Each structure stands twice: as structure tokens, then as C-alpha cells.
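Residues per chain are reported as follows:
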Amino acid sequence: MMAESIQELTQFHPNHGVNVVLYDNNTVAYRKASFANAVTISKRPLMPKEIFLVEIEKTEPGWTGHMRLGLTQLNPASPGIPGLPTYSLPDMTNMGNSWICAITKSHNRIQLDAEGEAEGEEAFADNQGDNVGESGEEVQRPEVTEEVMRTVTENTNAQERRTSDGNVTSRVGGGTGANGEVLGVFRIRNNSRRGPVSSGAPRGLDSIVVGDHLRTSRGYVPRSALQPTPYVCTTPSGREMTLTRDNILPTDEGSRIGVIFLPRGDVAEMHYIINGEDQGAFTKKLPYKEAELYAVVDVYGTTKQVRIVQLYGGVKSLKGACRDIILKHIAQHGVSALPLPRTLKDYLLFES
């Protein structure tokens, strides 16, 4: 990275959900039980044009729903906040000072209205309400079986799924017009291969691009740092496949998901970044001058563990750096076969 000086680690605050355990200098959040009570907030507020990025390191089948990510004006260090809400959605958003989205396997890209304006908060409403019951409380449902999921996806207008060969298929959808044309949902994948969605001055991440880097408020960041590190995994059919930014799903292990807010006068645009791709403006009316904004991550549902990606020169321990190198070349499920003492294997698996 093009950093001239070493900067402090980006960390989670020690005030977090009761089911969260923090590791590695509070840069890793692990949900030890259940599917909820796993809200975490950044230790310090984000600066305008600063990217907060996490990587999903572990998932846990058997739950519905996935990680939630966003921004909040809630200061985790405030003495008036003894504990965080059970859920980020809808609990924190109902407070009126948080902007949070539920990450899904697909449908994360922001829709544009007829005038090219983002419909972010409305576009995400369906995703956020997937697990909300009639009383307004979130309900955890058992995992949908493969047979049921196959039936659902085959009858869904907007879909994206991975084939047995590891390829991602996607279809633009979201409804049909009077002439039967498909309306309103963009593909998540292969954004770089599509032309610009609108003319005029660059917006979103494009407005801070300098060559192969992004000019953020804390320094230059390589665009490649926002993309997942390719790794080999085994499909349910037993076939090995390599996951890269072209076929990894947003909710997969190894996926990198971030958030940034970009000032536009007295308000700011809030953008989600998924595996290096700007998903559009979730809101264009973020009141960033009213109060400091903290990143919030809810390690919810199938998402079991996340790590903050250190984009700004934070120094890792030698042990932590060695673990990162090993896990870049060996999938976590292959750690048990390594000729290492049990204590080292536990460390590699974030179990010690």
C-alpha cells in the first residue's frame, strides 16, 4: 500500500453483543452461539471517504439470513449505552440514527429510478424484512433445503446462483413492464464489463479513483485490496473449485464487504462495496455533519466470523501475519491435515 507512515489498527469496540468474542487485537469478531446478539461497532468513528472493509472468514450452515453492515451515530463508548441491541435490523434502524443493510447472496446492487437517482433504502426494504415477523421482532427460520431453494430460484424473476461447476448465473429481473420487458435490477457480477449507467461527473468510488488506487481520506488504497483472495473449496458434490471475484457470492467465506460515505455538500452518499464493486448509493441524504459515524457489523445468521481488512498500514503480529499467509494457500477445512501441534491448528482456525 502507498502509506508513508504506520497508522493505527482499525478495530472493533469492546462493547459488543453478548455472543461476540473478539480476537487478534479486536480485529476479528466471532459469534460463539445462536444466530443473533452479535452486533459489533468500530472502535472509532469513520472519516469521510474512509473505507471500512471486512472479510467473511467463517460461515455456519443451518441459519437463514446473513451479515448486516452499515453506519450508525451510536457511540459504543457512551456511558449511556450499557449494551447493544439484539439485532441491528430492525432494532438499530428503528432508532433513527443508523443506516444498515442485510447482505444477501444476490440483489445487493442499488436500483435506479427513472431519473437515475438511487433508491437504496427502498430497494433494500425487502432484504431487510425477510426475517421480520408480524410483531416487528426478527424471527430466525430453519435453513431452506436444497430442493426448496431450487424451486424458489427457478421461479424468481431476479436470481443469482452458483452451478455445480462453480459458475455464477444471474438474470436481470424485478418485475415486467407493459410490453413484457424486464425492469429494474442490475447484475452484481462483472460490473467492469458494463458501460456507465449515467453520464456526467464520476460518482461513488469512481470519484476517488487514481489509476489502480483509490484516494481515501486516510491514504491511497489499491483497488485489488477490496477484492477477495482466490482460494480452493470443495462443492457439495465433492468437486474442487477455485473461488475468485468472478464467481464468489457476497455471503461466501472470503467475500470482502465494505462501506464508505462520500460528502456531497451538507449530506453524504453512503455506498456499499462488495468484492471490489461499488453497489451504488444506499442513501444520498446521510447527515454526516450531525454526529460522528461508526461502522456497524452484525455477525448474523450464516455469517460466523469476520475480520477487519487493514487497508491503512496497521501492523500485525508476526504470528498473525504467518496465519494469514498459510490460510491464503490452504483452505480452513484442510488445516486439520497439516503436520502441526494441536495448539497451532487451533490458532489457525481462530479457536484459541
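The notes below deal with the structure included here. No experiment lies behind these values; they were computed from the predicted model shown. (Residues numbered from 1 in each chain as written. Predicted model: local features only at pLDDT ≥ 70, side-chain atom pairs only at ≥ 80, totals over all residues. Heavy atoms only, no water.)

### Considerations on the overall build of the chain
Next, step 1: Scanning the chain from terminus to terminus reveals six helices and 18 strands.
Next, step 2: Across the 352 residues that make up the chain, the buried fraction comes to 49%.
Next, step 3: Contacts spanning at least 24 positions in sequence make up 65% of the contacts within the chain whose residues lie at least 6 apart.
Next, step 4: For the chain, the exposed area adds up to about 17,000 Å²; of that, 51% sits on carbon and sulfur atoms. (Helix = DSSP H or I, 4+ residues; strand = E, 2+ residues; numbered from the N terminus. Buried < 20%, exposed > 50% of the residue type's maximum accessible area, 1.4 Å probe, protein only. Contact = heavy atoms within 4.5 Å. Areas by Shrake-Rupley, 256 points an atom, 1.4 Å probe, with all protein chains shown as cover.)

### Focus on the sheet that holds strand β9 (residues 209-210)
Across a sheet, paired strands are connected by hydrogen bonds in the backbone, their directions being either parallel or antiparallel.
Next, step 1: As summarised here, the arrangement of the three strands in space is β9-β10-β11, forming an open sheet in which the pairing is antiparallel. Each edge of the sheet is formed by a strand with only one pairing partner; in this case those strands are β9 and β11 (219-222).
Next, step 2: Bridge analysis of strand β10 (residues 213-216) against β11 gives four bridges, and the strand direction is antiparallel. By the bridge assignment for β11, arginine 215 is matched with tyrosine 220. (Pairing = 2+ DSSP bridges.)

### What to know about the environment of aspartate 246
Next, step 1: Mapped onto the elements of the fold, aspartate 246 is located in the loop between β13 (240-243) and β14 (256-264).
Next, step 2: For the pair aspartate 246 and asparagine 275, spaced 29 residues apart in the sequence, the C-alpha separation amounts to 9.1 Å.

### What about empty space enclosed by the protein?
Next, step 1: The tally for this structure, following the rule as stated, stands at two cavities of 30 Å³ or more.
Next, step 2: In this structure, the second largest cavity spans a volume of roughly 30 Å³.
Next, step 3: Along the lines of polarity and charge, the residues of the lining of the second largest cavity split into seven nonpolar, one polar and one charged. (1 Å grid on protein atoms, 1.4 Å probe; cavity = no way out; pocket = protein on both sides within 12 Å on 5 of 7 lines; lining within 4 Å. Points joined across faces, edges and corners; volume = space filled by probe spheres on them. Nonpolar A, V, L, I, M, F, W, Y, C, P; charged D, E, K, R; others polar.)

### Examining the packing of aromatic side chains
Next, step 1: All chains considered together, the criterion is met by eight aromatic pairs.
Next, step 2: A ring pair is formed by phenylalanine 12 and phenylalanine 52, whose centres lie 6.5 Å apart and whose planes are at 70°; its orientation type is edge-to-face. Taken as a pair, phenylalanine 12 in the segment before β1 (20-23) and phenylalanine 52 in strand β4 (residues 52-59) lie far apart in primary sequence, 40 residues in all. Comparing phenylalanine 12 with phenylalanine 52 shows no difference in burial state: the two are buried.
Next, step 3: Plain terms: the ring middles of phenylalanine 35 and tryptophan 63 are 5.2 Å apart, the flat faces sit at 45° to each other, and that makes the pair tilted. On the criterion of sequence distance, the pair formed by phenylalanine 35 in the loop between β2 (28-31) and β3 (39-41) and tryptophan 63 in the loop between β4 and β5 (68-72) is long-range, its members being 28 residues apart.
Next, step 4: For tryptophan 63, a relative accessible area of 25% corresponds to the partly exposed category.
Next, step 5: In this structure, arginine 68 packs its charged tip against the face of tyrosine 300, placed 3.9 Å from the ring centre. (Phe/Tyr/Trp six-rings, centres within 6.5 Å; stacked < 30°, edge-to-face > 60°. Lys NZ or Arg CZ within 6 Å of the ring centre and 35° of its normal.)

### A look at the environment of isoleucine 41
Next, step 1: Within the secondary structure, isoleucine 41 sits in strand β3.
Next, step 2: If sequence neighbours within four positions are ignored, isoleucine 41 has contacts with Phe12, His13, Thr72, Leu74, Pro76, Leu84, Met92, Tyr294, Ala295 and Val296.

### What to know about the sheet that holds strand β17 (residues 294-298)
Next, step 1: Here four strands make up an open sheet; going across it, the order is β3-β17-β5-β6 and the pairing antiparallel. Each end of this open sheet is capped by a strand with a single partner; those strands are β3 and β6 (98-102). Across the sheet, the axes of successive neighbouring strands diverge by a mean angle of 20°, strand direction being ignored.
Next, step 2: Alignment of β5 against β17, held across five bridges, turns out to be antiparallel. By the bridge assignment for β17, leucine 69 is matched with valine 297. (Axes fitted to C-alpha atoms, helices over the stretch in contact; angles between N-to-C directions.)

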